[in-house]
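Close look at the chain arrangement
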Amino acid sequence: VHTRPLERVDYRERIVGYGSARALRRARVAAEIGGLIRWVAPQLEAGSSVTEGDVLVRLDDRDAKSARASAQARLERIQADAKRLATEIETARRTIVIVRRDLLASNRELERIKNLQGQRAATDSEYDKQSMATALRETALLDLEGRVRSLESQQESNEAERREAESALDRAKLDVERAEVRAPHGGRIESRLVNPGDHVAKGAPLFELVDLSRIEIPVALAAVHHGSVREKAAAELRLGGQSAIAWTGTVDRVSPTISSEDRTFFAYLLVGQDPAGGGIPPGAFVTAGIEGRHFEAAFVIPRSAMLEDKVFVVREGRARSCTPRVIARLPHAVIADDGLVEGDLLITSNLEEVADGTRVTVSMDRAVATAAEDT
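Everything in this summary refers to the structure shown in the same document.

Reading guide: rules and limits
- Residues numbered from 1 in each chain as written.
- Predicted model: local features only at pLDDT ≥ 70, side-chain atom pairs only at ≥ 80, totals over all residues.
- Heavy atoms only, no water.
- Salt bridge = Lys/Arg side-chain N within 4 Å of Asp/Glu carboxyl O.
- Helix = DSSP H or I, 4+ residues; strand = E, 2+ residues; numbered from the N terminus.
- Buried < 20%, exposed > 50% of the residue type's maximum accessible area, 1.4 Å probe, protein only.
- Phe/Tyr/Trp six-rings, centres within 6.5 Å; stacked < 30°, edge-to-face > 60°.
- Lys NZ or Arg CZ within 6 Å of the ring centre and 35° of its normal.

**Here's the deal with the pattern of salt bridges**
If you walk through the whole model with that rule in mind, you get 28 salt bridges. Between Glu 45 and Arg 192 there is a salt bridge whose closest N-O contact spans 2.9 Å. Here Glu 45 is found in the loop between strand S4 (35–40) and strand S5 (49–50), whereas its partner Arg 192 is found in strand S8 (residues 187–192), with 147 residues between them in sequence. Residue classification places Glu 45 among the partly exposed positions, given a relative accessible area of 36%. Taking the shortest distance from any N to any O, the salt bridge between Glu 180 and Arg 58 comes out at 3.0 Å.

Right, dumping it as structure tokens:
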């Protein structure tokens, strides 16, 4: 039989899965105003690098600037009207104070003349004259109060027009700014969709931009591993599983559910890399080896060495059966923490010909031992 020595080791589970890389940030940048393309940046070519805020496209902004000037002039007229109304209202209110004081004095004089009439010291003509003067002051007061109310109504209307004009000016200013199309974030140009001289409508796509500094890979894993994959766990990634170049990433999050169709779930890996190149390209098919559970001082038994729930070891030239206490079953190995003796030779071949007490000849199987550790 082939054997391998039993020993306690610290063992880290390695979970293999597959997925396609995608950029966390990508943008299909569109025109926010319509117009003629007047200029395109030289670096606006597929594969070129840009930084956030770079001006990449300029549209004809003459209409936008004209609209901005008209909106500014309208706002200034409305503001001038607001000042005039405020002055007229203030003047009318001060006049009301004076007229009310005069009306109060006129009423007192009218009452005095009335009292004198009762004493035969004032004539009816004097009373009528004072009554007319008092009525005129009352009419003037009512006219002034009505004018103030009218001016205040105009002031409210003016305030609404001012807000509308300010909004129109803000939109016009924004349209002038939108005539310069900037990179919303750093990255590399994926494609250019316009040329100088093209006339584009609002919403027309101009270019596509991808940020290669952070790549996400949704990796599909078998349902049996749900609970074994933890956030922040390290992962090794290779293109197609065959590339000699490996990248490192971490588990950002884990899907809380398992698909009922194929019994898989997703672990989402994040890879930080140099945006200038040399990293995992979006769209690439990737094989990922993710760190799973960690077992300390455990026995790692190849699956091929298990016969149902037992294993055989060699003692004094004979096969002896043992029942290890299994704490985890992995695709290629079984992890046990008790039921075995460190230093015994584990039988890894010809198990169908071995029974408890069978005399055996030992041959060390290093290949099987190595394969069992690569799970």
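Next comes the rest of the description.
**What about unusual backbone geometry?**
Most peptide bonds are trans, and most residues other than glycine sit at a negative phi. Phi at Arg 263 is positive, roughly 55°, even though this residue is not glycine. Relative to the helices and strands, Arg 263 resides in the loop between strand S12 (247–254) and strand S13 (264–272). For Arg 263, a relative accessible area of 49% puts it in the partly exposed group.

**Things to note about the packing of aromatic side chains**
Applying the stated rule across the entire model yields two aromatic pairs. Plain terms: the ring middles of Tyr 18 and Phe 285 are 5.9 Å apart, the flat faces sit at 5° to each other, and that makes the pair stacked. Taken together, the positions of Tyr 18 in strand S2 (residues 8–20) and Phe 285 in strand S14 (residues 285–302) put the pair 267 residues apart, joining distant regions of the chain. For Phe 285, a relative accessible area of 46% gives the class partly exposed. Taking 6.2 Å as the distance between ring centres and 35° as the angle between the ring planes, the aromatic pair formed by Phe 266 and Tyr 268 counts as tilted. By relative accessible area, which is 35% here, Phe 266 ends up partly exposed. Over the aromatic face of Trp 39 sits the side chain of Arg 58, whose NZ or CZ is 4.6 Å from the ring centroid. Across from the ring centre of Tyr 268, 4.3 Å away, lies the NZ or CZ of Arg 253, which sits over that ring.

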